[in-house]
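# Overview (structure and organization)
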Amino acid sequence: MNFFTLDIETIPHERTDGIPRIVDDEGRAYLEATGALPSLHAATCRVVQVSLGRRNRTGEIETGIYQWDDYETPGAGPDDIERALLRDALDAAALRLTKGHQLVTFNGKGFDLSVVRWRSRILGLSYPEIRWELLGHPYREESHLDLRILLGNGNRAARGTLQVWADAFGVPARECGALVEGWVHNGNWTALREYGESEAATLVLMYERITGAVEGPSSHIGEGAGRETSRHPEDT
């Protein structure tokens, strides 16, 4: 089956500054209004990157990166930038979905898909061709396979990060989610882009290892850059 992966990176929305927070024992500040970290709730975050991945016909991993800095133009405000980013990413995703390609995520049914859906609606975008309810159904995999639910044996509350599972399967992975906000605020877009590309490649390799599309661990994910597409040959 043809498939493609999706992963997003988010930061707190600028309008959450000054909103009351509850700080836990580990120093994490949750918004009182949502009970969630501001970067992890669709009403209080900004999507700064969407990464898509797939295996192309020549056997290479292709990644498409839609990132905030690519849309910064004179006179464009934050809403304009995020809207354009999501529009291009969802245009690409919708095209693949309408061709019958399976969406693959890690916790996409619990986070990525919901955030993309409601951030796009908040910003005035509409994608009636995307069957959001079907894609978000926790136990239907034909259109959207959430590797986190699969690996948790159907338990939506199962613990285990993508990096933990990737290590178990011998797939290279990085854990840099805590660095994203700092990268964005410091303008380190190259680091964010490289992270998005590695996450997309990790998801492709994980899908293939889990479904038996390839045998044995992969030892390398190549580097690449570029807004539209970069290729990551897999060394085995």
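Residues numbered from 1 in each chain as written. Predicted model: local features only at pLDDT ≥ 70, side-chain atom pairs only at ≥ 80, totals over all residues. Heavy atoms only, no water.

Before going further, it helps to examine the packing of helix H5 (residues 162-169) against helix H7 (residues 189-211). Think of two packed helices as two axes; the pair is described by the angle between the axes and how far apart they sit. It is the contact of H5 with H7, at a shortest axis distance of 11 Å, that shows an interaxial angle of 50°. Between H5 and H7, the interaxial angle falls into the category oblique. Seen from above, H5 lies across H7 with left-handed handedness. Side by side, H5 and H7 meet where Leu162, Gln163, Trp165, Ala166 and Phe169 of the first sit next to Tyr195, Glu199, Thr202, Leu203, Met206, Arg209 and Ile210 of the second. When the residues that make up the contact of H5 with H7 are grouped by side-chain class, the tally is 8 nonpolar, 2 polar and 2 charged. (Axes fitted to C-alpha atoms, helices over the stretch in contact; angles between N-to-C directions. Helix = DSSP H or I, 4+ residues; strand = E, 2+ residues; numbered from the N terminus. Parallel < 35°, antiparallel > 145°, perpendicular 65-115°, else oblique. Left-handed = near helix turned anticlockwise from the far one by under 90°. Contact = heavy atoms within 4.5 Å. Nonpolar A, V, L, I, M, F, W, Y, C, P; charged D, E, K, R; others polar.)

For strand S1 (residues 3-12), the buried fraction is high: 10 of the 10 residues fall into the buried class. Pairing geometry for S1 and strand S6 (residues 102-105), over 3 bridges, is parallel. By the bridge assignment for S6, Phe3 is matched with Gln102. The sheet contact formed by S1 and strand S4 (residues 45-55) spans 8 bridges and is antiparallel. Note on S4: the bridge partner recorded for Ile8 is Val50. (Buried < 20%, exposed > 50% of the residue type's maximum accessible area, 1.4 Å probe, protein only. Pairing = 2+ DSSP bridges.)

Bringing the confidence of the model for the chain into the picture now. Atom-level detail of predicted coordinates should not be read off regions where pLDDT is low. Summing up the model confidence of the chain, the mean pLDDT is 87 and the portion of residues at 70 or higher is 88%. With pLDDT under 50 throughout, residues 214-236 is counted as low confidence; its partners more than four residues away or in other chains account for 67 contacts. (pLDDT = per-residue confidence, 0-100.)

Packing of helix H1 (residues 78-98) against helix H2 (residues 108-122) brings their axes to within 10 Å, and their N-to-C directions diverge by 125°. The angle between the axes of H1 and H2 places the two elements in the oblique class. The interaxial crossing formed by H1 with H2 has left-handed handedness. Every residue of H2 that contacts H1 at Glu82, Leu86 and Leu90 is listed here: Val116, Arg119 and Ser120. A breakdown of the residues in the contact of H1 with H2 according to their chemical character gives 3 nonpolar, 1 polar and 2 charged.

A few words now on the side chain of Glu9. Tracing the backbone through its elements, the reader meets Glu9 in strand S1. Look at Glu9: it is buried, it has no salt bridge, and the nearest opposite charge is Arg174 at 9.7 Å. (Lys, Arg positive; Asp, Glu negative; His and termini not counted. Salt bridge = Lys/Arg side-chain N within 4 Å of Asp/Glu carboxyl O.)

One way to see where empty space is left: roll a probe the size of a water molecule over the atoms. Inspection of every chain in the model, using the stated rule, returns 1 cavity of 30 Å³ or more. For the largest cavity, the calculated volume is near 50 Å³. If you go around the largest cavity, the residues you meet are Phe4, Leu6, Leu90, Ala93, Leu97, Leu103, Leu113, Ile130, Trp132 and Leu135. Secondary structure elements with two or more residues in the lining of the largest cavity: S1, H1 and helix H3 (132-136). (1 Å grid on protein atoms, 1.4 Å probe; cavity = no way out; pocket = protein on both sides within 12 Å on 5 of 7 lines; lining within 4 Å. Points joined across faces, edges and corners; volume = space filled by probe spheres on them.)

To continue, consider unusual backbone geometry. Here the phi dihedral of Asn107 falls at roughly 70°; this positive angle occurs in a residue that is not glycine. For Asn107, the position within the fold is in the loop between S6 and H2. Given the relative accessible area of 23%, Asn107 is considered partly exposed.

Looking now at the environment of Arg96. By the secondary structure assignment, Arg96 is in helix H1. The contacts of Arg96, once residues within four sequence positions are left out, are Phe4, Leu52, Arg54 and His101.

Summed over all chains, the structure comprises 12 salt bridges. With a shortest N-O distance of 3.2 Å, Asp70 and Arg193 are connected by a salt bridge. Taken together, the positions of Asp70 in the loop between strand S5 (61-67) and H1 and Arg193 in helix H7 put the pair 123 residues apart, joining distant regions of the chain. On the basis of relative accessibility, which here comes to 9%, the residue Arg193 falls in the buried class. The network of salt bridges with common partners includes Glu14, Arg46, Asp79, Glu82 and Arg119.

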